[in-house]
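# Architecture at a glance
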Amino acid sequence: MASPSGSSADGSGKAQEAPQTSEKAREVLADDYYFMGIAGLAAKKSKDPMTQVGACIVNQEKKIVGVGYNGMPRDSKNLPWSRNAEKEEAERKYLYVCHAELNAIMNKNSADLKGCTMYVTLFPCNECAKLILQAGIKEVVYFSEKNDTPASTAASKKMLEDAAVPLRKFEPKEAIVIDFSKLQHHSAK
Ligand SMILES: O=c1ccn([C@H]2C[C@H](O)[C@@H](COP(=O)(O)O)O2)c(=O)[nH]1
Ligand SMILES: [Zn+2]
């Protein structure tokens, strides 16, 4: 192997490539962190003032085939974002908002989603569970759970379990931080 200075160490007189061990060690992101991270980044695009949700669909080759976040339907301009229970139903967001899972499925860039895994930052509601099942998604990985809609959550669990779709809670042990200064390219010379 070449010495750090690049001079010959094998007697050939030729300078050799620096060994890999002298290169800076990189942390490689594990799949769950990567895909839930993408879902979390998508959630940051949501205009919902209370709850931002993101979803990322991954195929069996670990390729991302759809990403979405909760938002109002396409081209809508004046729909309400309120969750205020004292307002009329028509003045609250729930009748209008497209859930992250729906948008991720609609945004798919592959022919179908059969056998895919959905990473979603919030446990899917019962309506999204139906969409997940009908799309042929075979695993759901979620991060947090909504505790103010117990009937919807229970129905969602019931449907997914009944169809033998594994549900897995993502339990991160550390944060993901993107430090753009570390992504700055440094030339080899
Ligand atoms: O499966 C789900 C469930 C909910 N959402 C979205 C819909 C709303 O924009 C928020 C929930 O609002 P709250 O104010 O927390 O009730 O989450 C979703 O995308 N997917
Ligand atoms: Zn939903």
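Sequence order sets the numbering: in each chain, residues are counted from 1 along the sequence as written. Chains and ligands are labelled sequentially in the order written, the chains with letters from A and the ligands with numbers from 1. Given that this is a predicted model, residues contribute local features only at a pLDDT of at least 70 and side-chain atom pairs are listed and counted only at 80 or more, while totals for whole chains, interfaces and linings are drawn from all residues. Remark: hydrogens and water are excluded; side-chain values derive from all non-hydrogen atoms of the structure.

Ranked by size, the top nonpolar core spans 21 residues in total, and within it Ile57, Ile105, Leu113, Met118, Val120 and Ile137 carry the most contacts. Every element with two or more residues in this core is listed here: strand 1 (54–58), helix 2 (100–106), strand 3 (117–122), helix 3 (126–135) and strand 4 (139–144). Here Ile137 is in contact with Ile57, Ile105, Leu113, Cys116, Thr117, Met118, Ile132 and Val165, once residues within four sequence places are set aside. If you look at the next biggest cluster of nonpolar residues, it comprises nine residues, including Tyr33, Phe35, Ala39 and Val58. Only buried residues count toward a nonpolar core, which is a set of Ala, Val, Leu, Ile, Met, Phe, Trp, Tyr and Cys residues joined through side-chain atoms within 4.5 Å. Buried, partly exposed and exposed residues are distinguished by accessible area as a fraction of the type maximum, computed with a 1.4 Å probe on protein chains only: under 20%, between the cut-offs, and over 50%, respectively. Helix numbers and strand numbers start at the N terminus; a helix is a DSSP run of H or I with at least 4 residues, a strand a run of E with at least 2. In this description, contact between two residues means that some pair of their heavy atoms is separated by no more than 4.5 Å.

Bringing the coordination of the zinc ion (ligand 2) into the picture now. Here a donor is an N, O or S atom found within 2.8 Å of the metal, or within 3.2 Å if the metal is Na, K or Ca; sites may look incomplete because water is not among the atoms. Summarising the metal site, the zinc ion (ligand 2) is bound by the protein donors His99 (ND1), Cys125 (SG) and Cys128 (SG), whose distances to it range over 2.0 to 2.2 Å. Around the zinc ion (ligand 2) sit four donor atoms, and with donor-metal-donor angles ranging over 106 to 118° the site reads as tetrahedral. Sequence positions of the donors to the zinc ion (ligand 2) reduce to the motif H-x25-C-x2-C. Taken individually, Cys125 and Cys128 each receive the classification buried, so the pair is uniform in this respect. In short, tetrahedral needs four donors with all angles between 85 and 135 degrees, square planar needs four and octahedral six donors with opposite donors over 155 degrees apart and all other angles between 65 and 115, and whatever is left is irregular.

UniProt positions are given in the numbering used here, feature names are shortened, and annotations may be inferred rather than shown by experiment. As annotated in UniProt, the feature "binding site: Zn(2+)" (unreviewed entry) corresponds to His99, Cys125 and Cys128 in the numbering used here. Spatial clustering of the annotated residues is evident: they stretch over 30 residues in sequence, but the largest pairwise C-alpha distance comes to 9.0 Å. With respect to the helices and strands, Cys125 occurs in the loop between strand 3 and helix 3. Among all residues touching Cys125, those that are not within four sequence positions of it are His99, Glu101, Ser152 and Ser156. Considering the arrangement of structural elements, one finds Cys128 in helix 3. Residue classification places Cys128 among the buried residues on the basis of a relative accessible area of 2%. Apart from the residues lying within four places of it in its own chain, the contact partners of Cys128 are His99 and Glu101.

Here the focus is the pattern of salt bridges. Whenever Lys or Arg places a side-chain nitrogen within 4 Å of a carboxyl oxygen from Asp or Glu, that contact is recorded as a salt bridge. Evaluation of the coordinates by the stated rule reveals nine salt bridges. In this structure, Glu127 and Lys130 form a salt bridge, with 3.1 Å as the shortest nitrogen-oxygen distance. Note that Glu127 and Lys130 are positioned in helix 3 at a spacing of three residues, about one turn of the helix. Taking the relative accessible area as the measure of exposure, Glu127 reaches 45% and is therefore partly exposed. Bridged by salt links that share partners, the residues Asp32, Glu139 and Arg168 form one connected network.

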